[in-house]
Amino acid sequence: MANRQKTVYCCSECGAETANWAGKCPSCGAWNTLAELRLDAGSRRRGSSSGAAPRYGQKPKRLADLDTTAEIRFSTGISELDRVLGGGAVVGSLVLVGGAPGIGKSTLLLQMCGLAEQGKKILYVTGEESERQLKLRALRLAVDNPALYVLAETDIGSILSCVEELQPEIVIVDSVQTVSDPEISSAPGSISQVRECTMRIMRATKEQGLTVFVVGHITKEGSIAGPKILEHMVDCVLYFEGENSTSFRILRAAKNRFGSTNEIGVFEMADKGLRCVENPSELLLSGRPENSPGTCVSCVMEGTRPILAEVQALVTPSGYNAARRCNGIDYNRAAMLLAVLEKRGGMPVGGCDSYINVIGGLFLDEPAADLATILAVASSFLDRPLGADLAAIGEVGLSGEIRSVSVLNQRLSETARLGFKRCVIPARARDDLRSFEQLKLIPVKNVGEAIAAVLGKGR
Ligand code: TYD
Ligand code: MG
């Protein structure tokens with residue numbers, strides 16, 4: 001019995017396992033996501049799915065006696081990557097870097113190889129490109145690190161024995177979908193392969209104290225093959241986002257065992273690779289239309305960093321069916337704000353087509369952007385510009401009241417720094433406001449007051 005091969009079916013959306021195949025996942029209800037996963041007796045014996053299973057025979061230790069020097073951080077040389085990792089990479093951690101093909105994952109990691117602390121031995125395992133292609137890319141990115149080794153290999157066994165022999169401190173596996181274990185019959189990139197290979201990489205990471213970055217391509221449905229399976233195994237999951245048509249890229253942490261997940265890293269893809277954007281607000285606001293109706297700037301917090309984002313709205317008379325389309329803001333939130341504007345702001349936008357868009361591929365999930373959204377819609381509806389020097393910060397409630405938001409001072413400093421002259425804020429601010437020389441504050445209690453203050457009365 002012990003040696004019998006066991007087959008289970010694993011959902012690529014939620015990671016649930018079932019004994020029998022079905023068209024619909026019994027756990028999450030997704031269709032056609034169950035894939036065969038062979039668990040041979042060997043892989044089961046070698047460890048649990050976390051890859052770092054505690055060995056039997058260990059005794060509980062007092063928390064106070066545990067050694068914390070084990071968590072050693074080092075800088076990757078890329079400030080925005082350090083920020084997302086929670087202040088640098090951790091020795092003995094496995095980081096998954098996910099993203100759509102062509103977004104810049106290989107570029108980012110290769111650049112890291114060039115910028116990481118000198119003398120750290122790095123092994124770049126590539127299963128996608130040849131050594132020559134990698135060299136050409138390195139030349140283009142001006143990566144010139146004598147301690148960088150390259151290995152074009154896809155067999156997980158050979159990769160791990162190379163790692164053991166070379167004893168690098170940093171390993172990059174590009175990509176997890178190309179590595180495979182010949183003992184497993186399924187094709188590279190399948191759930192069984194990805195899971196088993198990641199598990200073996202995880203074990204090597206913990207045993208040898210490596211820092212490993214694994215690249216994972218996102219499939220068409222927007223998930224890495226077997227996303228949940230990988231996510232719960234690794235220490236840190238970073239997603240690289242952005243549209244191929246723009247040069248703006250955002251690195252976001254979806255999971256981080258060693259830091260917070262609200263920080264984002266902002267990059268710009270240039271001809272010599274990725275460039276860190278220390279002041280994203282400046283980039284996001286460049287090219288703003290002057291004196292045009294339907295645009296308003298707000299300040300949202302991305303982790304500890306305030307970012308100015310431009311919300312645009314276009315309200316047009318409806319043909320036959322009122323449509324609302326949003327990009328960069330939650331659909332339900334937008335519908336709520338339109339309803340508040342209609343009922344409390346006295347503007348009949350319900351019968352119009354409303355389009356709301358946030359510039360730069362940013363997604364605003366913070367209520368602090370509510371007021372700017374409402375003002376942008378009102379400005380488009382009235383066809384009156386708000387002025388390029390105006391920003392608005394505040395949450396809007398269902399009674400049309402403008403509510404306070406957190407860390408208003410920090411947001412206002414950033415707004416003032418970027419040269420804005422006027423800012424609409426909640427009348428009852430939570431904290432004591434500093435005074436800003438160049439920035440005139442316009443405190444408002446409700447939506448009606450806000451519209452009257454910046455767009456004037458009447459239609
Ligand atoms: P790449 O890192 O190969 O993407 P991934 O590994 O995520 O699939 O990035 C490829 C894209 O980046 C490609 O479309 C070209 C662009 N790029 C630049 O614009 N400048 C550069 O210096 C490099 C190396 C790539
Ligand atoms: Mg690549």
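How each quantity is defined
Residues numbered from 1 in each chain as written. Chains lettered and ligands numbered in written order. Predicted model: local features only at pLDDT ≥ 70, side-chain atom pairs only at ≥ 80, totals over all residues. Heavy atoms only, no water. Buried < 20%, exposed > 50% of the residue type's maximum accessible area, 1.4 Å probe, protein only. Helix = DSSP H or I, 4+ residues; strand = E, 2+ residues; numbered from the N terminus. Pairing = 2+ DSSP bridges. Axes fitted to C-alpha atoms, helices over the stretch in contact; angles between N-to-C directions. Contact = heavy atoms within 4.5 Å. Domains from an automatic or database assignment. Buried area = accessible area lost by both parts, 1.4 Å probe. Salt bridge = Lys/Arg side-chain N within 4 Å of Asp/Glu carboxyl O. Nonpolar A, V, L, I, M, F, W, Y, C, P; charged D, E, K, R; others polar. 1 Å grid on protein atoms, 1.4 Å probe; cavity = no way out; pocket = protein on both sides within 12 Å on 5 of 7 lines; lining within 4 Å. Points joined across faces, edges and corners; volume = space filled by probe spheres on them. Arc of directions from axis to C-beta. Polar contact = N/O pair within 3.5 Å; in protein donor to acceptor, adjacent residues only side chain to side chain. Parallel < 35°, antiparallel > 145°, perpendicular 65-115°, else oblique. Left-handed = near helix turned anticlockwise from the far one by under 90°.

### Brief notes about the pairing of strand 22 (residues 422-426)
In terms of burial, strand 22 is largely enclosed, as 4 of its 5 residues are buried. Bridge count for strand 22 against strand 23 (residues 440-444) is 5 bridges, and the pairing is parallel. What sits directly across from Val424, in strand 23, is Ile442.

### Observations concerning the sheet that holds strand 14 (residues 273-276)
Two strands in a sheet stick together by hydrogen bonds in their backbones, pointing the same way (parallel) or opposite ways (antiparallel). Taken in spatial order, the 9 strands of this open sheet run 8-7-9-10-6-11-12-13-14, and their pairing is mixed. The open sheet is flanked by strand 8 (148-152) and strand 14, the only strands paired with a single partner. If you compare each strand with its neighbour and ignore which way they point, the axes differ by 25 degrees on average. Bridging between strand 13 (residues 264-270) and strand 14 involves 4 bridges; their strand directions are antiparallel. Residue Ala270 lies in a different strand from strand 14, and its bridge partner there is Gly273. Across the sheet, helix 3 (residues 105-115) touches strand 6 (93-99), strand 7 (122-126), strand 8, strand 9 (170-174), strand 10 (211-217), strand 11 (236-241), strand 12 (248-256), strand 13 and strand 14, and the angle it forms with strand 10 is around 165 degrees.

### Thoughts on the domain arrangement of the protein chain
We note that the domain assignment places domain 1 (1-44), domain 2 (73-278) and domain 3 (283-455) within the protein chain. Measuring from the centre of the C-alpha atoms in domain 2 to the corresponding centre in domain 3 gives 38 Å. Counting each side, the surface lost to burial between domain 2 and domain 3 is near 930 Å², with a carbon and sulfur contribution of 54%. Run the count over domain 2 and domain 3 and you get 2 salt bridges. Here Glu80 and Arg305 are joined by a salt bridge, their closest N and O atoms 3.2 Å apart. Broken down by secondary-structure element, the contributors of at least two residues to the side of domain 2 that touches domain 3 are helix 2 (79-85), strand 12 and strand 13. Tallied by class, residues from the side of domain 2 that touches domain 3 come to 5 nonpolar, 2 polar and 6 charged.

### Quick look at empty space enclosed by the protein
This model, assessed by the stated rule, comprises 3 cavities of 30 Å³ or more. The space that makes up the largest cavity amounts to roughly 50 Å³.

### Description of helix 12 (residues 447-455)
Among the residues making up helix 12, those that are buried are Val447, Ala450, Ile451, Val454 and Leu455. Down the axis of helix 12, the smallest arc covering the buried residues is 95 degrees, so these residues share one side. Backbone nitrogen of Gly448 and a side-chain oxygen of the N-cap are separated by 3.3 Å at the start of helix 12; the cap is Asn446. Once helix 12 ends, the next one or two residues include Gly456, with phi positive near 80 degrees.

### Regarding the pattern of salt bridges
Within the structure shown, the criterion is met by 21 salt bridges. Between Glu268 and Arg275 there is a salt bridge, with its nearest N and O atoms 2.3 Å apart. The exposure class of Arg275 is partly exposed, given its relative accessible area of 43%. The network of salt bridges with shared partners includes Glu80, Arg83, Glu263 and Arg305.

### Section: the packing of helix 10 (residues 370-382) against helix 12
Think of two packed helices as two axes; the pair is described by the angle between the axes and how far apart they sit. Between helix 10 and helix 12, whose axes approach to 11 Å, the crossing angle comes to 55 degrees. Judged by the angle between their axes, helix 10 and helix 12 are oblique. Regarding helix 10 and helix 12, the two cross each other, and that crossing is right-handed. Together, Leu371, Ile374, Leu375, Ala378, Ser379 and Leu382 of helix 10 and Val447, Ala450, Ile451, Val454 and Leu455 of helix 12 make up the contact between the two elements. Residues of the contact of helix 10 with helix 12, tallied by class, amount to 10 nonpolar, 1 polar and no charged.

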